[in-house]
Amino acid sequence: MKYRHSFHAGNFADVHKHIALLALLRALRKKDKGFLYLDTHAGRGSYDLSGVVAETEVGVARFLATPHEAPELREYAALIAQLRARLVRRHLYPGSPLIAAAELRAQDRAVLIEMQGAEAHALEQALATLGDACGGALPVRVERGDGFQRLRAFLPPPERRGLTFIDPPYEATQQDFREVTAALVEATRRFPTGVLAAWYPIKDERTLGPWQTECLRALRATLAQPPAVLASELWLYRRDSRVALNGSGLLIVNPPWLTLERMQVWLPELQASLAISADAGNSARILSESS
């Protein structure tokens with residue numbers, strides 16, 4: 001499976017991970033002290049959904065057409081509307097860099113890493129446009145390079161607060177899973193109190209559980225006091241089908257207070273708004289080696 005942001009922007013996996021990302025950013029904003037947002041695989045930042053595709057129809061298009069009760073879902077819909085109005089782009093879909101940039105305060109900053117030159121250039125343009133619309137330069141820096149390698153240069157941040165978002169393309173699926181594990185361990189070793197969120201595809205059920213257990217064991221071996229690890233998952237299709245992307249998962253290390261409890265409220269509502277078959281489901285839980 002080759003998961004590329006530009007090919008799948010606005011699908012159900014994007015909706016799931018971007019709602020979670022926005023909720024994490026807003027949790028960090030509850031304290032006055034600034035924080036670093038570090039995005040290891042940033043992509044181009046914004047996408048044009050004017051050519052509607054099937055993935056978008058069962059993703060953000062269906063989500064925006066549904067009324068919501070949970071604050072996290074309403075806030076995400078409002079942010080998309082706000083960015084579309086501010087940038088005068090009716091079919092804009094914001095990626096993680098634009099979501100984060102829109103949430104940063106004067107005391108916060110972001111480092112966005114992207115390997116592909118054309119994508120990094122498009123990201124710089126998107127951020128410049130957003131900065132112009134907001135009336136000034138944003139506290140954002142774009143770095144070109146391998147996000148798995150470059151995260152070492154930015155952790156720990158001087159702010160001592162931060163969120164690292166790891167969202168690789170999974171073009172070489174098993175290699176990416178191994179690199180995500182290594183990145184989580186390295187980031188935790190360097191910045192034990194930082195919040196980490198790593199996205200992963202749900203496709204092969206037989207390998208997913210062992211990978212989560214491996215991640216948990218590696219993280220527990222890193223620190224004398226192991227961090228909490230939350231797994232948030234949403235699937236619309238049978239989890240073991242090998243035809244396409246079945247579901248979306250996030251591993252969240254050091255989840256902020258009440259993140260689990262709030263996810264257990266908004267994930268079922270999100271599933272109800274997107275589900276197209278009886279095979280859909282969701283789960284939010286703190287991982288243990290027996291789970």
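In the block above lies the structure referred to throughout.
First, a word on scope: everything that follows refers to the structure included in this document. (Residues numbered from 1 in each chain as written. Predicted model: local features only at pLDDT ≥ 70, side-chain atom pairs only at ≥ 80, totals over all residues. Heavy atoms only, no water.)

The subject of this paragraph is the sheet that holds strand β4 (residues 109-114). One open sheet accounts for 8 strands, arranged β5-β4-β1-β6-β7-β9-β8-β10; its pairing is mixed. Of all the strands in the sheet, just β5 (140-144) and β10 (281-286) have a single pairing partner and so form its edges. Across this sheet, the average inter-strand angle for adjacent strands is 15 degrees, counted without regard to direction. Summarising the sheet, strand β1 (residues 36-39) and β4 pair through 4 bridges and their orientation is parallel. Across the sheet, residue Leu38 finds its bridge partner in β4, namely Val111. Contacting β8 (229-235), β9 (247-253) and β10, helix α11 (residues 259-274) runs over the sheet at an angle of about 170 degrees to β10. (Pairing = 2+ DSSP bridges. Helix = DSSP H or I, 4+ residues; strand = E, 2+ residues; numbered from the N terminus. Axes fitted to C-alpha atoms, helices over the stretch in contact; angles between N-to-C directions. Contact = heavy atoms within 4.5 Å.)

Their axes nearest at 11 Å, the elements helix α6 (residues 96-103) and helix α7 (residues 117-134) cross at an angle of 30 degrees. In this view, α6 runs roughly parallel relative to α7, as classed from their interaxial angle. For α6 against α7, the interelement crossing comes out right-handed. Contacts from Pro97, Leu98, Ala101 and Ala102 of α6 reach α7 at Leu123, Ala126, Leu127 and Leu130. Among the residues making up the contact of α6 with α7, the classes are represented as 8 nonpolar, no polar and no charged. (Parallel < 35°, antiparallel > 145°, perpendicular 65-115°, else oblique. Left-handed = near helix turned anticlockwise from the far one by under 90°. Nonpolar A, V, L, I, M, F, W, Y, C, P; charged D, E, K, R; others polar.)

Taken as a whole and assessed by the stated rule, the structure comprises 19 salt bridges. Close ionic contact of Glu159 with Arg109 constitutes a salt bridge, the shortest N to O distance being 2.5 Å. Of this pair, Glu159 sits in the loop between α8 (147-150) and β6 (162-166) while Arg109 sits in strand β4, and the two are 50 residues apart along the sequence. Glu159 sits in the buried class, given a relative accessible area of 12%. With a relative accessible area of 27%, Arg109 lands in the partly exposed category. Here Arg238 makes a salt bridge to Asp240, at a shortest N to O gap of 2.6 Å. We classify Arg238 as partly exposed; its relative accessible area is 44%. When its relative accessible area of 45% is taken as the criterion, Asp240 is described as partly exposed. (Salt bridge = Lys/Arg side-chain N within 4 Å of Asp/Glu carboxyl O. Buried < 20%, exposed > 50% of the residue type's maximum accessible area, 1.4 Å probe, protein only.)

Grouped burial of nonpolar side chains is what soluble globular proteins tend to show. Counting 90 residues, the largest nonpolar core has Tyr37 and Leu184 as its most contacted members. In terms of residues, this core owes the most to one element, helix α2 (residues 12-28), which gives 10 residues. Other than its neighbours up to four places away in sequence, Tyr37 contacts Leu21, Leu25, Ser96, Ala100, Arg109, Ala110, Val111, Leu112, Leu163 and Phe165. (Core = buried A, V, L, I, M, F, W, Y, C linked by side-chain atoms within 4.5 Å.)

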